[in-house]
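Letter by letter, the chains look like this.
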Amino acid sequence: MPSSTVSYTAQNGTREPGLMHRSLLERPHQVVSGSGIYLTLADGSRIIDGCGGAAVAVIGHGNKEVKEAIIQQYSDVAYVHTMTYTTSSAEELANELTELSKPFGLTKAFFVCSGSEAMDATMKLARQYHFENGQLQRTKFVSRRQAYHGGTIGAMSVSSNLPRKIPYEGALLLDNVSYVSPAYAYHGQKDNETEDQYAARLVQELDDEFQRQGPETVIAFVAETVGGATAACITPPRGYFAGVRKVCDKYGILLILDEVMCGSGRMGTYFAFEPEGDVRPDLLTLGKGLGGGYAPIAGILISQRVVDVLAKGSASFVHGQTYQAHPAGCAAALAVQRVLKREDLVAKCHTKGAFLEKRLRSALGDAKYVGEIRGRGFFWGIEYVQDRASKRPFKPEVKFHKRIHAAAHDRGLAIYPGAGTIDGINGDHSILAPPLTATEEELEEMVRLLKEAYDAVEEELGSTMK
Ligand SMILES: *Cc1c(COP(=O)(O)O)cnc(C)c1O
């Protein structure tokens, strides 16, 4: 079994690391520097970062302008407490983002340090909206299966990434959350169903779930606009979110879109919901790409409708964090936004995304174990199956996603692996999410290495799989 990580004993003698790594058995590679699409490891080898970690490095590594902006902020002031003080970095970042989101009704921004915190804060804000409206009976959230929203208690509770929840069942999960089907055409759409019919069926399922719960008891529906790490870049069927918006409106239920992974330009539009028709979320979260890896920062964009209700009521969000709107985090994210804008990277992502799609499909579209290639812009998922006709996945113990990940890493390409694609247990995928700065030549090289890695794994399995 190939492994892209090195065992403790094999590397650097005997010292047990003080750092709690993700695995107690394997040690990650040490990175000594990053520049553009490249990471350099301690052993001198160079890796093409084809996934920006988890779709984080939106403008690549080592950007000097962002570094200067952070240093400038630290030279001016490292920290202020938001109860009494503010900084131009925080104000300007909020203004830049709301400039983009105002046409969709989102007029204020709130900043925290991670996507998980953003989701928990969003859930609180949604509840507070109904509280201020005198609708105290609204206590429930409806979410979707095969979704990831974060690791904190609220975010974990609306997530349905099973392996990440099982140990906490019965102790640390909210029980006021129910789930509907993901918008996942590859496994969900029936053979005799059109895309529109599939979307309509999913919307009806949501309406039915609201009815089952009692629609007057539901706070919000929570969804990733484009499903990220759990089921790999699942784009919604046409008309789905417009339908979802209507059903939410029918019952006064808020719509929370989680764009922590798919937002910030990665889909070829700044917000992933933009091509989905008339879909105005009440609350939207951003993270990962917002700071592009230069600082831990995430945000909530808040609709005027929610702001108005708070303004008429308590006039404040009952939620504060010591490091909210941290000056250096905001300075980093602001600089990232300015690079995106000046270099027109979101529009370029749209056009170069079409190029990337073409290359991916021609390299892997007909491959024996590739079930589906899906996504948009610079966010592509490849779902692997053992049998294309029946869409039967590999047995989990084959660890197909790990084999591809390791084979790619051995060839100098970082991709983001995932398992449990279909139901939390079965299914394998890889995600390709390059920096928006990647050139066509660089994208081509990524696809070439991925294809090589795939071919090696197919051959390796050839002898054992029939
Ligand atoms: C990563 C992610 C989160 C959680 O963000 P963290 O910064 O890891 O806390 C939330 N929602 C989605 C869609 C994500 O991909």
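In the annotation of an unreviewed UniProt entry, the protein is listed under the name Aminotransferase and assigned to Hypocrea atroviridis.

Caption draft 1: A look at the environment of G292. With respect to the helices and strands, the residue G292 is situated in the loop between β11 (283–286) and β12 (298–303). Sequence separation between G292 and G60 is 232 residues, and the spatial gap between their C-alpha atoms is 7.7 Å. Residues in contact with G292, not counting those within four places in the same chain, are V56, A57 and V58.

Caption draft 2: The arrangement of a nonpolar patch on the surface in detail. On the surface, a cluster of nonpolar side chains totalling about 320 Å² of accessible area is made up of I153, Y168, L172 and L174. Its place among the elements puts I153 in helix α5 (residues 153–158). Given a relative accessible area of 40%, I153 falls into the partly exposed group.

Caption draft 3: Summary view of the side chain of E276. Position of E276 among the secondary structure elements: in the loop between β10 (254–258) and β11. E276 gets classed as buried once you look at its relative accessible area, which sits at 9%. In contact with E276, not counting residues within four places along its chain, are P236, P237, F241, A242 and R376.

Caption draft 4: Summary view of the domain arrangement of the protein. Its domain assignment divides the protein into domain 1 (3–62 + 344–461) and domain 2 (66–342). Just the C-alpha atoms count here: the centres of domain 1 and domain 2 sit 26 Å apart. Facing 40 residues of domain 1, the contacting portion of domain 2 comprises 39 residues. A combined buried area of about 3,200 Å² lies between domain 1 and domain 2, and 60% of that area is made up of carbon and sulfur atoms. For the pair domain 1 and domain 2, the number of links is one salt bridge. Breaking the side of domain 1 that touches domain 2 down by element, the ones donating at least two residues are α1 (52–55), α11 (345–364), β13 (370–376), β14 (379–384), β16 (416–419) and β17 (428–432). Counted by class, the side of domain 1 that touches domain 2 contains 21 nonpolar, twelve polar and seven charged residues.

Caption draft 5: View of empty space enclosed by the protein. Counted by the stated rule, this structure contains one cavity of 30 Å³ or more. Volume-wise, the largest cavity comes out at about 30 Å³. Every residue along the wall of the largest cavity is listed here: F111, V112, C113, P296, I297, Y323, A325, H326, G329 and C330. When residues of the lining of the largest cavity are traced back to their parent elements, those giving at least two are β6 (106–112) and α10 (327–342). A breakdown of the residues in the lining of the largest cavity according to their chemical character gives eight nonpolar, two polar and no charged.

Caption draft 6: Main features of the sheet that holds strand β9 (residues 218–224). Taken in spatial order, the seven strands line up as β6-β12-β11-β10-β9-β7-β8 in an open sheet, and their pairing is mixed. In this open sheet, the two strands that pair with only one neighbour each are β6 and β8 (177–180). The average undirected angle you get between the axes of adjacent strands in this sheet is 20 degrees. Here four bridges tie β11 to β12, and the two strands are oriented antiparallel to one another. The partner of L286 across the bridge, within β12, is G299. Contacting β6, β10 and β12, helix α9 (residues 304–312) runs over the sheet at an angle of about 80 degrees to β12.

Caption draft 7: The arrangement of the packing of helix α7 (residues 195–213) against helix α8 (residues 240–251) in detail. Axis separation between α7 and α8 bottoms out at 9 Å; the angle between their running directions is 20 degrees. With respect to α8, the axis of α7 lies roughly parallel. Taken as a pair, α7 and α8 cross one another with a handedness that is right-handed. Counted together, A199, L202, V203, L206, D207, F210 and Q211 of α7 and Y240, G243, V244, V247, C248, K250 and Y251 of α8 form the full contact between these two elements. Of the residues in the contact of α7 with α8, the class split is ten nonpolar, two polar and two charged.

Criteria and cut-off values
- Residues numbered from 1 in each chain as written.
- Predicted model: local features only at pLDDT ≥ 70, side-chain atom pairs only at ≥ 80, totals over all residues.
- Heavy atoms only, no water.
- Helix = DSSP H or I, 4+ residues; strand = E, 2+ residues; numbered from the N terminus.
- Contact = heavy atoms within 4.5 Å.
- Patch = residues over 30% accessible without salt bridge, like charges linked within 9 Å, V, L, I, M, F, W, Y side chains within 5 Å.
- Areas by Shrake-Rupley, 256 points an atom, 1.4 Å probe, with all protein chains shown as cover.
- Salt bridge = Lys/Arg side-chain N within 4 Å of Asp/Glu carboxyl O.
- Buried < 20%, exposed > 50% of the residue type's maximum accessible area, 1.4 Å probe, protein only.
- Domains from an automatic or database assignment.
- Buried area = accessible area lost by both parts, 1.4 Å probe.
- Nonpolar A, V, L, I, M, F, W, Y, C, P; charged D, E, K, R; others polar.
- 1 Å grid on protein atoms, 1.4 Å probe; cavity = no way out; pocket = protein on both sides within 12 Å on 5 of 7 lines; lining within 4 Å.
- Points joined across faces, edges and corners; volume = space filled by probe spheres on them.
- Pairing = 2+ DSSP bridges.
- Axes fitted to C-alpha atoms, helices over the stretch in contact; angles between N-to-C directions.
- Parallel < 35°, antiparallel > 145°, perpendicular 65-115°, else oblique.
- Left-handed = near helix turned anticlockwise from the far one by under 90°.

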